[in-house]
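Descriptive structure summary
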Amino acid sequence: MRLIKEKAPFLEYENNYIYKISNDKIDIELMTFGATILCIKTPDISGKKENIVLRFKDINNYAQPGYPTFGSTMCPNAGKIAGGILKIEDKVYQLSKNTGNDNMHGGVNNGAKRLWEEDFTEATDNFVKVSMKTSFVDGLEGYTGNRNIKVIYTLFKDDVLRIEFEGITDKDTYLNMTNHSVFNLSGDYSSVYEHQLLLDCDKYLYNGENNMPLEIRDVTNTPYNFLNVNSIKSNIEKFENEQVKKANGFNNAFVLKENRDIKQNALILKDNKSKRKVEIKTDFPSIVLYTGGTYNEKTVLENDLLGEPYRGIAIEPQRIPNEMNIKGSNYKYLKSTEKFSHFIEYRFSVEK
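What comes next is a walk through the structure.

Conventions used here
- Residues numbered from 1 in each chain as written.
- Predicted model: local features only at pLDDT ≥ 70, side-chain atom pairs only at ≥ 80, totals over all residues.
- Heavy atoms only, no water.
- Helix = DSSP H or I, 4+ residues; strand = E, 2+ residues; numbered from the N terminus.
- Rg over C-alpha atoms; globule rule 2.2 N^0.38 Å.
- Buried < 20%, exposed > 50% of the residue type's maximum accessible area, 1.4 Å probe, protein only.
- Contact = heavy atoms within 4.5 Å.
- Lys, Arg positive; Asp, Glu negative; His and termini not counted.
- Charge placed at Lys NZ, Arg CZ, Asp CG, Glu CD.
- Pairing = 2+ DSSP bridges.
- Axes fitted to C-alpha atoms, helices over the stretch in contact; angles between N-to-C directions.
- Salt bridge = Lys/Arg side-chain N within 4 Å of Asp/Glu carboxyl O.
- Polar contact = N/O pair within 3.5 Å; in protein donor to acceptor, adjacent residues only side chain to side chain.

**Thoughts on the overall build of the chain**
Tallying secondary structure elements over the chain gives two helices and 26 strands in all. Relative to the 2.2 N^0.38 estimate, which gives 20 Å for 352 residues, the radius of gyration of the chain is 19 Å and therefore close to what a compact globule would have. Burial analysis of the chain (352 residues in total) assigns 57% to the buried set. Excluding contacts between residues fewer than 6 apart, the proportion of contacts in the chain whose partners are at least 24 apart in sequence is 65%. Positive and negative charge centroids in the chain, built from 47 and 49 side chains respectively, lie 2 Å apart.

Listed below in structure tokens is the structure:
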């Protein structure tokens, strides 16, 4: 197991670092700005290593407004909150509105657009670990509480990457975190439209205006049913669906089955050409999938490829977005006496 720390070539931030962690098969690059996954290189069926997550050609794009948040840590709010209205018991807080009339990702001062600090690193024969930390002051973007946040990346010898999210607060608050990596298992950034998907989700979130999650619905007879392995293409083309048309693909939260075994896969993504496979486990209750319906030529990726719909699929395990306004969501805020603790685990392999 290997760990190399380098200064990042960043124009704005002097103390930005890149951490290169690897085992015999997997090479990963992390960055302290945004606590970001820059790159995950895995072998295809022939043994060729290629990056399977979207990455900007210009590293400075990660800090610039108006660009996608590839691979970054989304917090204090991974999703959206309608009207920017946060309810905690009998108190109501008005949050900033940074997307139309709503709060998204916690406002402009979110985890993806700030420089995190190294917490610690550790390398052994069986794993390599990089922990990063940041803090949000009471009242920032309307959220209550002084919050201390950590994200811990661990690459294991057996080709598993585990991300742990931790947070504490001195006042009751709301916290929802995820990683915003956008996957493309082809290795050459060709369309993910024919990627195969399996989801342990029997419900999804119906969206209203501005893709705001509003209502939990059953996946039966919808393009959101991936309880059996299907390609993204086959599900979208099988059903006429206004939400899919409006979003130019998927931009929805999927609700994982209740009382499921978190040791079992929540999601499997496969590419039939490269034979790469990613199996994802999590203890979060939902997964947001986004197939890049708004990606355009402004987004220049490595190898000079341009952004376009289906260039990748963002896979974002998290709490149910807008949960405080959704019936049956089991809304939970973070108490000052509690610790926020969740994980996402990715296993990388090749299907023979």
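So much for the structure itself; the text now carries on.
**What about the sheet that holds strand S23 (residues 276-282)?**
Ordered in space as S11-S12-S13-S14-S26-S23-S22-S17-S20, the nine strands form an open sheet in which the pairing is antiparallel. The strands lining the two open edges of the sheet, one partner per strand, are strand S11 (117-123) and strand S20 (230-231). Both strand S17 (residues 196-199) and S20 contribute to a ladder of two bridges, which runs antiparallel. In the sheet register, Gln 196 faces S20, and the bridge partner there is Ser 231.

**Concerning the sheet that holds strand S3 (residues 27-31)**
Spatially, five strands are ordered S1-S2-S3-S4-S5 in an open sheet, and the strand pairing comes out antiparallel. In this open sheet, the two strands that pair with only one neighbour each are strand S1 (2-7) and strand S5 (49-51). Averaged over all adjacent pairs, the angle separating strand axes in this sheet is 15°, with direction ignored. By the bridge criterion, five bridges tie S3 to strand S4 (residues 36-43) in an arrangement that is antiparallel. Paired with Met 31 across the strands is Thr 36, a residue of S4.

**Observations regarding the pattern of salt bridges**
Under the defined criterion, the tally for this structure stands at 25 salt bridges. Its salt-bridge partner being Lys 270, residue Glu 351 comes within 3.5 Å of it at the nearest N-O pair. In this pair, Glu 351 is assigned in the segment after strand S26 (340-350) and Lys 270 in strand S22 (residues 267-270), connecting sequence segments 81 residues apart. You can call Glu 351 partly exposed: its relative accessible area is 30%.

**Section: the pairing of strand S25 (residues 313-318)**
By the criterion of burial, S25 is predominantly enclosed, with six of the six residues buried. Of the two faces of S25, the one carrying Ile 313, Ile 315 and Pro 317 and the one carrying Ala 314, Glu 316 and Gln 318 are both buried. Here five bridges tie strand S24 (residues 286-290) to S25, and the two strands are oriented antiparallel to one another. Paired with Ile 287 across the bridge in S25 is Pro 317.

**Overview of the side chain of Glu 279**
Here Glu 279 is to be found in strand S23. One buried charge, Glu 279, has no salt-bridge partner; the nearest side chain with opposite charge is Lys 277, at 4.3 Å. In this structure the side chain of Glu 279 is engaged in a polar contact, spanning 3.1 Å, whose partner is the side chain of Asn 265. What Glu 279 contacts, discounting residues up to four positions off in sequence, is Asn 265, Leu 267, Ile 268, Glu 345, Tyr 346, Arg 347 and Ser 349.

**Observations concerning unusual backbone geometry**
The residue after Cys 75, namely Pro 76, is reached through a cis peptide bond having omega 10°. Along the chain, the position of Pro 76 falls in the loop between strand S6 (73-74) and strand S7 (80-81). Phi at Glu 141 is positive, roughly 60°, even though this residue is not glycine. One can find Glu 141 in the loop between strand S12 (127-136) and strand S13 (147-156). Phi at Asn 221 is positive, roughly 60°, even though this residue is not glycine. Of note, Asn 221 is situated in the loop between strand S19 (213-218) and S20. By relative accessible area, Asn 221 is classed as exposed at 66%.

**Section: the side chain of Ser 329**
Assignment of secondary structure puts Ser 329 in the loop between S25 and S26. Taking relative accessible area as the criterion, Ser 329 reaches 7% and is therefore assigned buried. Setting aside chain neighbours within four positions, we find Ser 329 in contact with Ile 216, Ile 320 and Glu 323.

Function cannot be read off these values alone, since they describe shape.
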